[in-house]
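Structural features, examined
Listed below are the residues making up each chain.
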Amino acid sequence: MSQIEFKNVTKEYIPGNKVLDDVSFSIEKGEFIFIIGPSGAGKSTIIKLLTREEKPEEGQVVFNNQDISNIKPEEMPEFRRKIGVVYQDYKLLNSKTVYDNVAVSLEVVDADEQEIKSVVPNVLSLVGLLDHSSYYPQELSGGEKQRVAIARALAHEPDVLIADEATGMIDPDVSDEIVELLEKINSLGTTVIMATHDQRIVDKLTKRVIKIQKGKLVSDKKGGKYRA
Ligand code: ADP
C-alpha cells in the first residue's frame, strides 16, 4: 500500500478548464520526491489536493488507504496534523518569537504545557535554531525564517512534509541548506514532497522527480541531471 496515491485526478477551478488532467502517481512512505514544472503548471494545485484545501472533480487522492474526499469534518484536524506544509512566504507570526511561532501550532490543538516544553526545543534544535528561540521573525534571515516554518510543521510529527516553493525567496546557497535540512528530516523517516520550479535544485540531487506541464504529468523518474 502506497502512502499517497493520485488516481486519475482531474481538477477544474472553472468548469471546462482542466488545470490537472488525468494525473496519476503514487508515493511510498519515506520517499523524497520533487514535483517540478513551470509556474502555472499545477504544482500548488497538487499540494492543495493533498491537504484537502481542494477536491478533485474526477479521480481520487488517497492517503493511508483512505480517499481523502471522504474525510469527515470532525476527522480533519487529525488528518491535517499528519501533513505538515511549508510555504514560500513562511507564514510566520511577526508579533511572536521563534519559540512562540512553533508553540502556537501546538496550543491550537490543546497540547499540554509539558508537551509544548519538550517538543518546541526539540524541533528548533533539529532545524539548528534553538539559540534563536527568543528572536522575532524580522530579526531572522530568509533561510532562518524557513527553518522556523519547518520546525513548526514538524511539531505535530507529521507523516508527510510538503514544501511548496519553499526556497522561492531564498538565495541559492541558503536554498541548498534548506534542501539539506529536508533531506535530514527525510532520513529520520518523514516523507518529503518538494514542489519547485528551480531546476538547479533538482539537478543537484538524485531524487525522484515528477514533472508537471500544463496540468499533465509528463515524466516521473529518478533525477540527477534531469532534462525534459
Ligand atoms: P503552479 O503551482 O505550478 O504555479 P498552480 O497549481 O498554482 O500552478 O496553478 C495551475 C493553474 O490553475 C494556473 O493556470 C492557475 O491560474 C490556475 N488556478 C490556480 N488556483 C486557481 C483558483 N483558485 N481559481 C482559478 N484558477 C486557479
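Each remark here, short or long, concerns the structure printed above.
These lines cover the structure that appears in this document, whether it is placed above or below. (Residues numbered from 1 in each chain as written. Predicted model: local features only at pLDDT ≥ 70, side-chain atom pairs only at ≥ 80, totals over all residues. Heavy atoms only, no water.)

Re unusual backbone geometry
The backbone of Asn-8 shows a phi angle near 50°, a positive value even though the residue is not glycine. Here Asn-8 is to be found in strand β1 (residues 4-14). Backbone geometry places Tyr-90, a non-glycine residue, at a positive phi of 65°. Counting through the fold element by element, Tyr-90 comes out in the loop between β6 (83-87) and α3 (98-107). (Helix = DSSP H or I, 4+ residues; strand = E, 2+ residues; numbered from the N terminus.)

Section: the site of the ligand
Around the ligand, the neighbouring residues are Tyr-13, Val-19, Pro-38, Ser-39, Gly-40, Ala-41, Gly-42, Lys-43, Ser-44 and Thr-45. The separation between an oxygen atom of the ligand and a polar main-chain atom of Ala-41 is 3.1 Å. Within the side chain of Lys-43, one N or O atom sits 2.9 Å away from an oxygen atom of the ligand. Contact with the protein chains removes 59% of the 560 Å² of surface that the ligand exposes when unbound. A total of 3 residues in the shell around the ligand trace back to one element, the largest contributor, which is helix α1 (residues 43-50). Tallied by class, residues from the shell around the ligand come to 4 nonpolar, 5 polar and 1 charged. (Near = heavy atom within 4 Å. Polar contact = N/O pair within 3.5 Å; in protein donor to acceptor, adjacent residues only side chain to side chain. Areas by Shrake-Rupley, 256 points an atom, 1.4 Å probe, with all protein chains shown as cover. Nonpolar A, V, L, I, M, F, W, Y, C, P; charged D, E, K, R; others polar.)

What to know about the packing of α3 against helix α5 (residues 142-154)
In the contact formed by α3 and α5, the axes pass within 8 Å of each other and the chain directions differ by 30°. Overall, the two elements α3 and α5 adopt an arrangement that is roughly parallel. Once α3 is placed against α5, the crossing between them reads as right-handed. Contacts from Val-98, Asn-101, Val-102 and Ser-105 of α3 reach α5 at Val-148, Ala-151 and Arg-152. (Axes fitted to C-alpha atoms, helices over the stretch in contact; angles between N-to-C directions. Parallel < 35°, antiparallel > 145°, perpendicular 65-115°, else oblique. Left-handed = near helix turned anticlockwise from the far one by under 90°. Contact = heavy atoms within 4.5 Å.)

What about the pattern of salt bridges?
With the rule as written, the count across this model stands at 14 salt bridges. A salt bridge links Glu-54 to Lys-11; its shortest N-O distance comes to 3.2 Å. Taken together, the residues span a long stretch of sequence, with Glu-54 in the loop between α1 and β4 (58-63) and Lys-11 in strand β1 at a distance of 43 residues. For Glu-54, a relative accessible area of 25% gives the class partly exposed. A salt bridge links Lys-216 to Asp-21, with the shortest nitrogen-to-oxygen separation between them at 2.6 Å. Remark: Asp-21 occurs in strand β2 (residues 17-27) and Lys-216 occurs in strand β10 (residues 216-222); sequence separation between them is 195 residues. Its relative accessible area of 41% is what places Lys-216 among the partly exposed residues. Here the salt bridges share partners, and the residues they tie into one network are Lys-11, Glu-54 and Glu-57. (Salt bridge = Lys/Arg side-chain N within 4 Å of Asp/Glu carboxyl O. Buried < 20%, exposed > 50% of the residue type's maximum accessible area, 1.4 Å probe, protein only.)

Notes on the pairing of β1
Relative to β2, β1 runs antiparallel, the two sharing 7 bridges. If you follow Glu-12 over to β2, its bridge partner there is Lys-18. (Pairing = 2+ DSSP bridges.)

Here we look at the nonpolar core
One finds Phe-34, Val-102, Ile-150, Leu-161 and Leu-182 to be the most contacted residues of the largest nonpolar core, which totals 41 residues. Among the secondary structure elements, those contributing two or more residues to this core are β3 (32-36), α3, α4 (113-126), α5, β7 (160-164), α6 (172-187), β8 (191-196) and α7 (199-204). Examining the composition of this core, we find that 6 residues originate from one element, α5, more than from any other. Sequence-distant contacts of Leu-182, defined by excluding residues within four places in its chain, comprise Phe-32, Ile-150, Leu-161, Ala-163, Val-192 and Met-194. In this structure, Ile-4, Val-23, Ile-162 and Ala-195 belong to the second largest nonpolar core, which totals 28 residues. (Core = buried A, V, L, I, M, F, W, Y, C linked by side-chain atoms within 4.5 Å.)

Details of the environment of Asn-17
With respect to the helices and strands, the residue Asn-17 is situated in strand β2. We classify Asn-17 as partly exposed; its relative accessible area is 40%. Every residue in contact with Asn-17, bar those within four places of it in the chain, is listed here: Lys-11 and Glu-12.

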